[in-house]
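Observations on the three-dimensional arrangement
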Amino acid sequence: MLKRHAQRILPFIESKLTNAMAEGINRVIEIIKNRASGYANLCAFTDIIFLTVGDIDLLAQISPEFRTL
């Protein structure tokens, strides 16, 4: 039985991504999509998903001479 399902078991062991976690991420993406009044393209939609879900330090991305904070 393990040999039959090895293609599904091994990725779980490597990634630790459960169905519940995937559904949670999908829910957040759905909320973002519903709150938006529309995106110009797929890149803009992808960017807002990563800004909402991702662990991004925006201040570190801005050059010090352009920071106001």
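Residues numbered from 1 in each chain as written. Predicted model: local features only at pLDDT ≥ 70, side-chain atom pairs only at ≥ 80, totals over all residues. Heavy atoms only, no water.

Quick word on the overall build of the protein chain
The cut-off we apply is this: Numbering goes from the N terminus for both helices and strands, where a helix is a DSSP run of H or I of at least four residues and a strand is a run of E of at least two. As a reference, a globule follows 2.2 Å times the number of residues to the power 0.38, and the radius of gyration itself is taken over C-alpha atoms. Relative accessibility under 20% of the residue-type maximum defines a buried residue, over 50% an exposed one, and the middle range a partly exposed one, all with a 1.4 Å probe and only protein chains included.
Looking only at helices and strands, the protein chain features four helices and zero strands. For the protein chain, the α and β elements follow one another from N to C terminus as α-α-α-α. Scaling as 2.2 N^0.38, a compact globule of 69 residues should have a C-alpha radius of gyration of about 11 Å, whereas the protein chain reaches 18 Å, well beyond that. Counting only residues that meet the buried cut, the protein chain has 4% of its 69 residues in that class.

Points about a nonpolar patch on the surface
The line we're drawing: Like charges are joined within 9 Å and nonpolar side chains (Val, Leu, Ile, Met, Phe, Trp, Tyr) within 5 Å, but only among residues with over 30% relative accessible area and no salt bridge; these make up the patches. All accessibility values rest on the Shrake-Rupley procedure with a 1.4 Å probe; residue burial counts only the protein chains present in the view. A pairing counts as a salt bridge when a side-chain nitrogen of Lys or Arg comes within 4 Å of a carboxyl oxygen of Asp or Glu.
On the surface, L2, I9, L10, F12 and I13 cluster together to form a nonpolar patch covering roughly 480 Å² of accessible area. Assignment of secondary structure puts F12 in helix 1 (residues 6-15).

Focus: the pattern of salt bridges
As enumerated under the stated definition, the model contains one salt bridge in all. Salt-bridge contacts for E30 lead to K33; the nearest nitrogen and oxygen are separated by 3.7 Å. Linking E30 with K33, this pair stays in helix 2 (residues 19-35), spanning three residues, or about one helical turn. On the basis of relative accessibility, which here comes to 32%, the residue E30 falls in the partly exposed class.

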